[in-house]
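Topology and contacts: notes
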Amino acid sequence: TMRVFYNVWLEPESPQDVDGVLAKIKDMKPFQGDNWFDNVGYGETVYFPLHDNTLVATTKPSAENMVQWRRVVQAVADRGMQLNVHAQLRGSIERFLTELEDINKVKPIKGLRWTLSHVDQLEPQDLDRLRRLGIYVQLHSRPTIQGVLFHNVYGDKAYDMPPLRMVQDSGLPWGLGSDATAVSPSNPFYTLGWAVTGRMIGGFKVSRQTITREEALIAHTRNNAYFMFRESALGSLQQGKYADLLVLDRDYLTVPAGEIKDIKPLLTMVGGKIVYAVKKDKKS
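Residues numbered from 1 in each chain as written. Predicted model: local features only at pLDDT ≥ 70, side-chain atom pairs only at ≥ 80, totals over all residues. Heavy atoms only, no water.

Describing the packing of aromatic side chains
One pass over the structure, following the stated rule, counts six aromatic pairs. Measuring from centroid to centroid gives 5.0 Å for phenylalanine 31 and phenylalanine 229, while their planes differ by 75°, and the two rings are edge-to-face. Here phenylalanine 229 lies in the loop between α9 (222-227) and β7 (245-248) and phenylalanine 31 lies in the loop between α1 (15-27) and β2 (37-42), a separation of 198 residues in the sequence. Look at phenylalanine 229 and you get partly exposed, because its relative accessible area is 26%. A network of ring pairs unites the aromatic residues Tyr136, Tyr226 and Phe227 as a single cluster. The ring of tryptophan 36 carries the charged tip of arginine 3 above its face, separated from the ring centre by 4.2 Å. Across the ring face of tyrosine 226, the terminal group of arginine 113 is positioned such that the distance to the ring centre comes to 3.7 Å. (Phe/Tyr/Trp six-rings, centres within 6.5 Å; stacked < 30°, edge-to-face > 60°. Helix = DSSP H or I, 4+ residues; strand = E, 2+ residues; numbered from the N terminus. Buried < 20%, exposed > 50% of the residue type's maximum accessible area, 1.4 Å probe, protein only. Lys NZ or Arg CZ within 6 Å of the ring centre and 35° of its normal.)

Here we look at the environment of asparagine 152
Considering the arrangement of structural elements, one finds asparagine 152 in helix α5 (residues 143-154). When its relative accessible area of 61% is taken as the criterion, asparagine 152 is described as exposed. Once the C-alpha coordinates of asparagine 152 and leucine 55 are considered, the two residues, 97 residues apart in sequence, prove to be 8.8 Å apart.

Pasting the structure below:
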């Protein structure tokens, strides 16, 4: 009743671990599944010592650790696979982009649909670098429950973390999602509500990088299908695509923005078959 598309994530912690990961990457063969369950690439954490944390104010990747990071990323590029890179803070974003530019000179990566995840501190000067490399971004709704924590660490700067409006206006392909349930709820209407209002689930204003409800919906559906290499089958209601859809208890496009987070499904269809439906109250 659910489609799952995933990246292999091996998370090496030492040069010896990287040796083992390289051997596994060499044997990886994505796209051996189907439109229900399939591996589409590699990532998110490339080398665990460089896994930055948004609640730590700064990060400075060491040259020693970047050597191991490069080994893994180069192996993915050599295999011609899709890669997702965890990068949240300025230090990581800048250093990773520089390394990716060098890798691109050795093995061109444009067209492989590589992505940077989170990019909470992405800045305007990064956009052209991403365009040249053909790298896209995935933004997440962790501020729905962590927004005040972001502000405790970064002050007013947190109002632009992550920079939804900047990325939307840039024209870069990007996807919207919730990230892991350890840091944000998976309910898509919480994510959509935050993207439109800039408010946490409890109502506290934490972001000024809001987007329209249409932009948010496209980023959460149609755009994400592209990252999973399923844009011809998923992400929108069109002839020839799978009938994966929701029937909602209110109109997403017209309800007050503050109520988007409260929307609930009455019925869910996957592949044209009903897999969930609210039971009617016999008394009504």
